[in-house]
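Structural description and commentary
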Amino acid sequence: MRKPRLLTSRLHFFEANNYSNSMSVHIAAKPGEIAETILLPGDPLRAKFIAETFLENARRYNEVRSMFGYTGTYKGKPVSVQGTGMGIPSISIYVNELFRDYGVKRAIRIGTAGSIRESLKIRDLVIALSACTDSGANNIRFGGRNYAPTASFSLVKQAWDSAVSRGWKPAVGPVVSSDMFYTEDPEEWKLWANFGCLCVEMETAELYTLAAKYGREALSLLTISDSLISHEITSAEERQTAFTRMMEVALETAIS
Ligand code: HPA
C-alpha cells in the first residue's frame, strides 16, 4: 500500500498545492514580470484602477487571493502596482516577496491615513519621513529594542519636488503605523500627536523596515481620509481628487 503523504514541510505543502513553479508563495509572477519600481496601494481593486487608468499596456501578473498585481509603463518606463492588503502582517508578506524574490528596488506606498493634527485637513497630502509603531512586528524582530523605520531620502526629495512643482505643499514628518483600527482607548492618538506625529495608518513602519533590511528604497505617500480630532471623513468626490493628486506625485517619483 502506498504510504500517505504527510504535508510536514513547506515544500510538500507547495508541491501539493501546485505552487512548485512559482518564485514566491503569495505572488505568482514569473521572473522579470515585476518592474524594479512598484506602487503599493492597500486595496487590490485600487491596483486594478491604477493600472487601467494611469499605466500603458498593463498586464496582470498576480491573482493569488485576489491580491492583484500589474506591470505596465508610465511615460515609457516600466512600473508595477501591487495590492498589499491592510495592516502590517499583510504588507509584510507582499513586500518581503517583492524585495526578496523579485528584486524590486523602489517601493512607494500610496495610502490613506487619519489626521491627528489640527493643521492637517481632510485631503491633505503627507510624505511619511518616518513611522512610529505600536506593532508587534518590530518587537519580535528586534527583541524589544526600538528600531526607527525611515523613508528613503532621495524618494522623499523627489516626491517633495514633484508636489511643489505642481503648487502643492505636502506635510512632511513622522506618522504612526498602528496594528489597531478600532482602538480600546479612543484618545490613544494624543500621545503620538504630542510627540510630533502627523497621522495614523497601518503599514508604513513595516515597509520602511523591510526596505532597510533588503537595502532598497521605500516611501509612503498618504492622503488624509479622516480626522481622529474632528471625526470628519472624506466624501467620495474629495477622495477621488486627493487620490489623483497623490497618484501624480507617486508616478513622477516612481520614474524619477
Ligand atoms: N486609523 C488607522 N488607519 C487609517 C485611518 C485611521 O483613522 N484612516 C485611514 N487609515
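Report on the accompanying structure. (Residues numbered from 1 in each chain as written. Predicted model: local features only at pLDDT ≥ 70, side-chain atom pairs only at ≥ 80, totals over all residues. Heavy atoms only, no water.)

Broken down by element type, the protein chain carries 8 helices and 9 strands. Relative to the compact-globule value of 18 Å for 256 residues, the protein chain shows a C-alpha radius of gyration of 19 Å, a close match. If one aligns the C-alpha atoms of the protein chain with their principal axes, the spans along those axes are about 70 × 45 × 35 Å. Long-range pairs, those at least 24 residues apart, make up 75% of the contacts in the protein chain with a sequence separation of at least 6. (Helix = DSSP H or I, 4+ residues; strand = E, 2+ residues; numbered from the N terminus. Rg over C-alpha atoms; globule rule 2.2 N^0.38 Å. Contact = heavy atoms within 4.5 Å.)

Here we come to the side chain of histidine 26. Mapped onto the elements of the fold, histidine 26 is located in the loop between helix H1 (10–16) and strand S1 (37–41). For histidine 26, the side chain forms a polar contact with the side chain of glutamate 97, separated by 2.7 Å. The contacts of histidine 26, once residues within four sequence positions are left out, are Asn62, Val64, Arg65, Ile93, Tyr94 and Glu97. (Polar contact = N/O pair within 3.5 Å; in protein donor to acceptor, adjacent residues only side chain to side chain.)

A pair of packed helices is characterised by two quantities: the angle between their axes and the separation of those axes. Orientation of helix H2 (residues 44–54) relative to helix H8 (residues 236–254), taken along the N-to-C sense of each, is 70 degrees, at an axis distance of 13 Å. Taken together, the axis directions place H2 and H8 in an arrangement best described as roughly perpendicular. Crossing of H2 against H8: the hand is right-handed. Seen from H2, the contacting residues are Arg46, Phe49, Ile50 and Phe54; seen from H8, they are Gln240, Phe243, Met247 and Leu251. (Axes fitted to C-alpha atoms, helices over the stretch in contact; angles between N-to-C directions. Parallel < 35°, antiparallel > 145°, perpendicular 65-115°, else oblique. Left-handed = near helix turned anticlockwise from the far one by under 90°.)

Checked against the element boundaries, glutamate 97 lands in helix H3 (residues 88–102). Sequence separation of glutamate 97 and isoleucine 27 is 70 residues, and the distance between their C-alpha atoms is 7.4 Å. Aside from chain neighbours lying at most four places away, what touches glutamate 97 is Ser24, Val25, His26, Ile27 and Tyr102. A distance of 3.4 Å separates the side chain of glutamate 97 from the backbone nitrogen of valine 25, its partner in a polar contact.

Before going further, it helps to spend a moment on the site of the ligand. Residues in contact with the ligand, as listed here, are Thr112, Ala113, Gly114, Phe181, Val200, Glu201, Met202, Ser225, Asp226 and Leu228. One of the backbone N or O atoms of glycine 114 is found 3.3 Å from a nitrogen atom in the ligand. Computed on the free molecule, the ligand has an accessible area of 260 Å², of which 88% lies beneath the protein chains in the complex. Of all the secondary-structure elements, those providing two or more residues to the shell around the ligand are strand S5 (106–115), strand S8 (199–201) and strand S9 (217–227). Examining the composition of the shell around the ligand, we find that 3 residues originate from one element, S5, more than from any other. Of the residues in the shell around the ligand, the class split is 5 nonpolar, 3 polar and 2 charged. (Near = heavy atom within 4 Å. Areas by Shrake-Rupley, 256 points an atom, 1.4 Å probe, with all protein chains shown as cover. Nonpolar A, V, L, I, M, F, W, Y, C, P; charged D, E, K, R; others polar.)

In this section: the pattern of salt bridges. Enumeration over the complete set of coordinates arrives at 13 salt bridges. Here arginine 60 makes a salt bridge to glutamate 63, at a shortest N to O gap of 3.0 Å. When salt bridges that share partners are traced, they join Lys75, Arg166, Glu248 and Glu252 into one network. (Salt bridge = Lys/Arg side-chain N within 4 Å of Asp/Glu carboxyl O.)

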